Amino acid sequence: MKELKKKINLTLNDFIMYEEITYFSSISKILGMIFVLILLILTYIGYRATGQGLLLLFVFGIPVVSYVYTAFSMIPQKAGSFYKTSPFLDFPPMFTLTEDTMSIERRNSVTELKLSQILSIIERFGYFFIYISKNNFIILPKRDLNKEEIVFVRKVMKSLPRKQRRSPHKMTPGKALTTALITILITLAVWILIFHLNPNG
């Protein structure tokens with residue numbers, strides 16, 4: 001097989017999946033576990049110092065609740081807005097991929113690029129995501145591909161340099177650590193404020 005040619009038909013669920021995959025892939029799993037461990041340790045230390053176990057669990061649960069709320073409430077809303085304004089609804093584009101190039105044909109235009117010019121191609125769950133830039137991408141559902149076509153896309157991916165097989169939304173370790181520390185400090189500040197306002201629980 002030398003070429004893949006597919007018309008891309010997307011649904012609202014495809015956009016929701018894209019937003020969720022992007023959101024979760026930006027969080028380092030290792031740093032995420034370290035972050036949770038630090039919160040648990042701080043909760044234990046605070047409990048030993050004050051005896052206010054339930055209050056501490058509530059305060060330190062704020063980041064977790066915020067994370068879950070974003071994942072299951074805000075993401076579908078954002079995806080829905082994106083879907084409604086997508087040009088894909090009126091005219092599903094034709095996507096073509098070869099071993100060296102890719103092109104996307106819309107109603108009145110055709111964009112063709114060498115693979116060396118794109119940002120990255122990644123595979124997540126039931127999709128391939130082709131990033132022309134961080135905010136300009138193509139969603140390619142695997143449900144529309146047969147086994148031979150999936151193997152071909154993977155072959156093209158493997159031919160790319162490693163940096164072109166990474167998610168452009170992946171958070172760097174430094175940024176992830178900084179974000180975790182800021183969240184912990186804000187949570188600690190809220191707890192200290194509550195404790196001083198109500199020292200007797």
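Note that the structure is a prediction, hence the values are computed from the model and not measured.

S.K.: In this structure, what is going on with the overall build of the protein? I would like to understand it.
M.R.: Counting its secondary structure elements, the protein contains six helices and seven strands. Counting from the amino terminus, the protein carries its helices and strands in the arrangement β-α-α-α-α-β-β-β-β-β-β-α-α. Out of the 201 residues belonging to the protein, those deemed buried represent 38%. Considering only intrachain contacts with a sequence separation of at least 6, the fraction spanning at least 24 residues in the protein is 65%. For the protein, the accessible surface area stands at approximately 12,500 Å², while carbon and sulfur atoms represent 63% of it.

S.K.: Can you help me understand the side chain of Q164 in this one?
M.R.: Along the chain, Q164 turns up in the loop between α5 (147-158) and α6 (173-197). Accessibility expressed as a relative area gives 6% for Q164, which makes it buried. In contact with Q164, not counting residues within four places along its chain, are L115, S116, I118, L119, S120 and I121.

S.K.: Even after reading the chapter, I still don't get the nonpolar core, so can you show me in this structure?
M.R.: In a soluble, globular protein the nonpolar side chains are often hidden away together inside. Among the nonpolar cores identified, the biggest contains 35 residues, and F95, L97, M102, I130 and L140 are the most heavily contacted of them. When residues of this core are traced back to their parent elements, those giving at least two are α1 (12-25), β2 (94-98), β3 (101-105), β5 (120-124), β6 (127-133), β7 (136-141) and α5. Apart from residues lying up to four places away in sequence, I130 is in contact with F95, M102, I118, S120, I121, N136, F137, I138 and L140.

S.K.: Can you help me understand the confidence of the model for the protein in this one?
M.R.: Atomic detail in the predicted coordinates should be set aside for any region of low pLDDT. Across the protein, the average pLDDT comes to 80, with 66% of residues at or above 70. For the protein, per-element mean pLDDT is lowest for helix α3 (residues 53-60), which scores 62, and highest for α5, which scores 96.

S.K.: In this structure, what is going on with the environment of I21? I would like to understand it.
M.R.: Relative to the helices and strands, I21 is located in helix α1. Excluding residues that lie within four positions of it along the chain, I21 makes contacts with R124, F125, Y127 and F129.

S.K.: Where do I start with the packing of aromatic side chains in this structure?
M.R.: Working definition: an aromatic ring pair is given by the centre-to-centre distance plus the angle between the planes. Enumeration over the complete set of coordinates arrives at eight aromatic pairs. Each ring, one from Y131 and one from F137, has its centre 6.0 Å from the other, and the planes form 50°; the classification is tilted. Looking at F137, the relative accessible area reads 11%, which means it is buried. Among the aromatic side chains, those forming a connected cluster through ring pairs are F15, Y18, F82, Y83, Y127, F129, Y131 and F137. Between the NZ or CZ atom of K142 and the centre of the ring of F128, over which it lies, the distance is 5.3 Å.

Conventions and cut-offs
- Residues numbered from 1 in each chain as written.
- Predicted model: local features only at pLDDT ≥ 70, side-chain atom pairs only at ≥ 80, totals over all residues.
- Heavy atoms only, no water.
- Helix = DSSP H or I, 4+ residues; strand = E, 2+ residues; numbered from the N terminus.
- Buried < 20%, exposed > 50% of the residue type's maximum accessible area, 1.4 Å probe, protein only.
- Contact = heavy atoms within 4.5 Å.
- Areas by Shrake-Rupley, 256 points an atom, 1.4 Å probe, with all protein chains shown as cover.
- Core = buried A, V, L, I, M, F, W, Y, C linked by side-chain atoms within 4.5 Å.
- pLDDT = per-residue confidence, 0-100.
- Phe/Tyr/Trp six-rings, centres within 6.5 Å; stacked < 30°, edge-to-face > 60°.
- Lys NZ or Arg CZ within 6 Å of the ring centre and 35° of its normal.

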